[in-house]
Amino acid sequence: MKDYDSIELGFVFEEPPSQQAYETLFSMFYNQGDGSKGEKHHEIHYRDGDHRSTIDADNEEAAEIMTTASMCHVSLSTGHSNIDHTIEVGFDNSGMGLLATSPYHHLSLTTWIYSLEDPKKEALDTVKNRRMRYVRGLAEMAQIFGPLWGFGRRGGLAVGEDETIEDLATRTKPPLYEYNVFRAETVEAIGREQVLSAPAYYVEELDWGGVFIAVTEPPKQCGHEGQQCKEVADQLGLSLAKTERYH
């Protein structure tokens, strides 16, 4: 598998997400490979000090682990079956990787693209519905966590050679990625109507004042296949993201 076979988003926070936020997440999304909404148990992988564990945890226990472990990840699905995609939600505070080297708390959301690609056997409408469920799932996670900034793309998280997560997260007008979570300050600085009317694949206003934008229909990329990234960036008055440095 190559890095461009996945879509990755990063949420960055000034304060770590609360246990209540994680409990809400686990209660709203499917357990991986299970068809029951609100499944009580999730397979969660985590590290506590030098000790690594994998356990089945209910919503409350899984949420507690997410707030105390130094590394943790769990796979969730917005679909009904094993053929649907999953979103792996987690973090690693070991200091490895782009997000972990920043001073901010973070979550990464990673999905393999295979079930989102143009179909060979399934009906196209089935896959298009799956793509929409995926994007709405990302927006729901943005609603739950309310990050300072969220950004993402197919091919792994990346920034400009001379940029840092700290710099980009604190900009009132950060660059435009394929997937974006803008805080209220950013939305107001650009103009709320300008943001909500952007010619993107999906735009959702969030209850806490931010906006989630998926510029491209997954798994398509900016710079490929005639995607409307420049048009969206021009309307918002933002530069397109540089993707030169991954670590």
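Residues numbered from 1 in each chain as written. Predicted model: local features only at pLDDT ≥ 70, side-chain atom pairs only at ≥ 80, totals over all residues. Heavy atoms only, no water.

Trainee: So what exactly am I meant to see when it comes to the overall build of the protein here?
Mentor: A tally of helices and strands in the protein yields seven helices and 11 strands. In summary, the protein has a C-alpha radius of gyration of 17 Å against a globular reference of 18 Å for 247 residues, a match within 12%. Principal-axis analysis of the C-alpha atoms gives the protein an extent of 45 × 45 × 35 Å. Within the protein, the proportion of its 247 residues that are buried is 50%. Sequence-distant contacts in the protein: of pairs separated by 6 or more residues, those separated by 24 or more amount to 66%. Taken together, the 22 basic and 41 acidic charged side chains of the protein have centroids lying 7 Å from each other. (Helix = DSSP H or I, 4+ residues; strand = E, 2+ residues; numbered from the N terminus. Rg over C-alpha atoms; globule rule 2.2 N^0.38 Å. Buried < 20%, exposed > 50% of the residue type's maximum accessible area, 1.4 Å probe, protein only. Contact = heavy atoms within 4.5 Å. Lys, Arg positive; Asp, Glu negative; His and termini not counted. Charge placed at Lys NZ, Arg CZ, Asp CG, Glu CD.)

Trainee: Where do I start with the pairing of strand S1 (residues 6-13) in this structure?
Mentor: Along S1, seven of the eight residues are buried, which leaves the element largely enclosed by surrounding structure. Two elements, S1 and strand S7 (residues 105-112), share eight bridges in a ladder whose sense is antiparallel. Bridge assignment links Ile 7 to a residue of S7, and that residue is Thr 111. Pairing analysis gives six bridges linking S1 to strand S8 (residues 149-154), with the strands arranged antiparallel. Counted as the bridge partner of Ile 7 is Arg 154 from S8. (Pairing = 2+ DSSP bridges.)

Trainee: Even after reading the chapter, I still don't get helix H3 (residues 124-145), so can you show me in this structure?
Mentor: Turn by turn, an α-helix covers 3.6 residues, leaving residues three or four places apart pointing in a common direction. Across its 22 residues, H3 extends 32 Å between first and last C-alpha, which sits within 8% of the 32 Å expected from 1.5 Å per residue. Positive phi appears at Gly 146, one or two residues downstream of H3, with a value of about 55 degrees. (Expected span 1.5 Å × (residues − 1).)

Trainee: Is there a simple way to think about the environment of Ser 53 in this case?
Mentor: Residue placement: Ser 53 occurs in strand S4 (residues 51-58). Sequence separation between Ser 53 and Cys 72 is 19 residues; the distance between their C-alpha atoms is 9.6 Å. With residues near it in sequence (within four places) discarded, Ser 53 still touches Ile 44, His 45 and Tyr 46. Separated by 2.9 Å, the side chains of Ser 53 and His 51 make a polar contact. (Polar contact = N/O pair within 3.5 Å; in protein donor to acceptor, adjacent residues only side chain to side chain.)

Trainee: I keep staring at a negative patch on the surface and nothing clicks. Help me out?
Mentor: Taken together, the side chains of Asp 58, Glu 60, Glu 61 and Glu 64 define an acidic patch exposed on the protein surface. Element by element, the count of residues in the negative patch is highest for helix H2 (residues 59-68), at three residues. Mapped onto the elements of the fold, Glu 64 is located in helix H2. Among the residues examined, Glu 64 registers a relative accessible area of 45% and is labelled partly exposed. (Patch = residues over 30% accessible without salt bridge, like charges linked within 9 Å, V, L, I, M, F, W, Y side chains within 5 Å. Areas by Shrake-Rupley, 256 points an atom, 1.4 Å probe, with all protein chains shown as cover. Salt bridge = Lys/Arg side-chain N within 4 Å of Asp/Glu carboxyl O.)

Trainee: Help me understand the pairing of S7 in this model?
Mentor: If a strand is regular, its side chains alternate between the two faces of the sheet. Pairing between strand S6 (residues 86-92) and S7: three bridges, direction antiparallel. Looking across to S7, one finds that Gly 90 is bridged to Ser 108.

Trainee: Before we go on, may I ask you to explain the nonpolar core in this structure?
Mentor: Taken as a class, soluble globular proteins show a tendency for nonpolar side chains to be buried jointly. In this structure, Phe 11, Leu 25 and Phe 212 are the most contacted members of the largest nonpolar core, which totals 42 residues. Among the elements that line this core, the one with the most residues is H3, at nine residues. Listed in part, the 15 residues of the second largest apolar core include Ala 198, Val 215, Cys 229 and Val 232. (Core = buried A, V, L, I, M, F, W, Y, C linked by side-chain atoms within 4.5 Å.)

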